[in-house]
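Survey of secondary and tertiary structure
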Amino acid sequence: MINKAGILALVVCLFLGILSPVSVQAHSGLTILDSSVQAEFPSKLSFNLSAQSDVNITDIRLHYTVDRLSFAQVTSEVYIDFVPSPTVDAQWTWDMRKTGGLPPESSVDYWWTVEDADGNRVETAPLQLQFDDLRYPWHSLTEGEVTIYWYEGDNSFAQEIMAAAQQALARLADDTGAYLERPARLYIYASAQDVQGAMIYPQEWTGGVAFTRYAAIAIGIAPDKLDWGKRAIAHELTHLVIHQMTLNPYSGLPTWLDEGLAMHTEGLIAPQFIAYLSKAVAENSLISVRSLSSPFSAYAGEATLAYAQSCSLVEFLIANYGQGKMLELLNTFRQGSGYDAALQKVYGFDMDGLDTLWRDYITEQYQTPEATTTAVHPALVGTLAALATALLLWLALVAESWAWRRSW
Ligand SMILES: [Zn+2]
């Protein structure tokens, strides 16, 4: 289903609704005269309230909740600073530069409570606003649990991205049993520069941002960078799924599992990652599974090897122990399990045990000369012909890996 520019109209309607004055009269003389919100995506929401009473107004609070994945419903309460008076114009600005940003179309419910010196109290009815990026005329395309929003490129551009997203979800479900528990929103900006305009503290190298708690991704994909974009979408969508299904207040995932699953879902591993693995096996310079459980190195070469090993570790676990065990592992992490304990419970070995088994597996793959060219990586042979293209793709992917920021 494609709704051309429907979002913009909806948003305008919503904002008109929000900006309408509200008049709430208590039995006393305490009255809300006006309430409004001004949005400046992506950095600010300014809430305004006018109220009057027969006596001094002494207490004004703004309450709001944001629709996001969390362990419990959280309502924020803001005590407004003002001079007590029978007539008050109060304002409070939510400065996202201090709190971190929200993805486009985030829903915020808010209401006010006001009290006067006689103890009269008024609570306004909750209103909902959507914090939108109105700089672009968004189109949308929905299939299953995924909605793609884009503004440059024709329908076939969006359909190709949608096909890649669905294929990634199907692959992830087949191999791990994991699926989107909450609908995902993908905002496809037309360039890195455009997507940086949707971010609070953009860096020149930032290609996008994944808001895992909001099930949203914002990414810059020019229509002529579609191949890179499809891989990036598969990768980041996997992070959304995995974070949704393992979210708990106690413990995160080991980095190798999170990144390995994301790379595995992209499809065929790019040749340069294989080259890094092969070299590390030959030089006995593989990184330990224990080290790969922490955030990866910022150094290009070591980070590339870390991604390559992560992908291989995940493939080792899926190929040898199957989908059921991977699902059990993810569910164990959801319960807040530690890294060693989760592996021990599901597979019967800890991180060091996995390290030993995986080293045997990878060494056997890469030290048999004919295996590296035909038996183990038959697809690589086909890929070699297009090596120049693949290299470019790999460079783009590596750039993506570092250029990506994850936001909570
Ligand atoms: Zn990643």
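Residues numbered from 1 in each chain as written. Predicted model: local features only at pLDDT ≥ 70, side-chain atom pairs only at ≥ 80, totals over all residues. Heavy atoms only, no water.

**Description of the packing of aromatic side chains**
How two aromatic rings sit relative to each other is set out by the distance from centre to centre and by the angle between their planes. Stated precisely, the cut-off is as follows: For Phe, Tyr and Trp, rings pair up if their centres lie within 6.5 Å, where Trp contributes its six-membered ring, and each pair is then called stacked (planes under 30 degrees apart), edge-to-face (over 60) or tilted (otherwise). For every residue, the accessible area (1.4 Å probe, protein chains only) is compared with the maximum for its type, and the residue is labelled buried under 20%, exposed over 50%, or partly exposed between those bounds.
As enumerated under the stated definition, the model contains 21 aromatic pairs in all. Ring centres of Phe-316 and Tyr-321 lie 6.0 Å apart, and the angle between their planes is 80°; on these two criteria the pair is classed as edge-to-face. The exposure class assigned to Phe-316 is buried, which follows from its relative accessible area of 5%. Relative accessible area serves as the criterion here: at 31%, Tyr-321 is assigned to the partly exposed category. For the pair Tyr-347 and Phe-349, a centre-to-centre distance of 5.5 Å together with 15° between the ring planes defines the contact as stacked. We classify Tyr-347 as buried; its relative accessible area is 10%. Take Phe-349: its relative accessible area is 10%, and that puts it in the buried class.

**Observations regarding the coordination of the zinc ion**
Here is the rule: Only nitrogen, oxygen and sulfur atoms qualify as donors, and only when within 2.8 Å of the metal (3.2 Å in the case of Na, K and Ca); with water excluded, sites may look incomplete. Working definition: helices are DSSP H or I runs of at least four residues, strands are E runs of at least two. Numbering for both runs from the N terminus.
Within the first shell, the zinc ion binds the protein through His-235 (NE2), His-239 (NE2) and Glu-259 (OE), at distances of 2.0 to 2.1 Å. Mapping the donors of the zinc ion onto the primary sequence yields the spacing H-x3-H-x19-E. Of this pair, His-235 and His-239 are both found in helix α5 (residues 226-246), 4 residues apart, which corresponds to roughly one turn of the helix. In this structure His-235 comes out as buried when scored by relative accessible area, which is 3%.

**Things to note about the confidence of the model for the protein chain**
Keep this limit in mind: The pLDDT value tells you how sure the predictor is about a given residue, anywhere from 0 up to 100. Two residues qualify as a contact provided that any one of their heavy atoms is within 4.5 Å of a heavy atom in the partner residue.
When pLDDT is averaged along the protein chain, the result is 84; 82% of the residues meet or exceed 70. In this model residues 1-23 is a low-confidence stretch, pLDDT under 50, and it forms 47 contacts with partners more than four residues away in sequence or in other chains. Here residues 370-408 is modelled with pLDDT under 50, and outside its nearest four sequence neighbours on either side it reaches 83 contacts, counting other chains as well.

**Examining the environment of Arg-61**
The condition is simple: Pairing of N or O atoms within 3.5 Å defines a polar contact, subject to two protein rules: one partner must be a possible hydrogen donor and the other a possible acceptor, and residues neighboring in sequence count only if both atoms are side-chain atoms.
For Arg-61, the location among the structural elements is in strand β4 (residues 44-66). Sequence separation of Arg-61 and Val-114 is 53 residues, and the distance between their C-alpha atoms is 6.5 Å. With residues up to four places along the chain from it excluded, the contact list for Arg-61 reads Glu-77, Val-78, Tyr-79, Ile-80, Trp-111, Trp-112 and Thr-113. A distance of 3.3 Å separates polar atoms of two side chains, one belonging to Arg-61 and the other to Glu-77.

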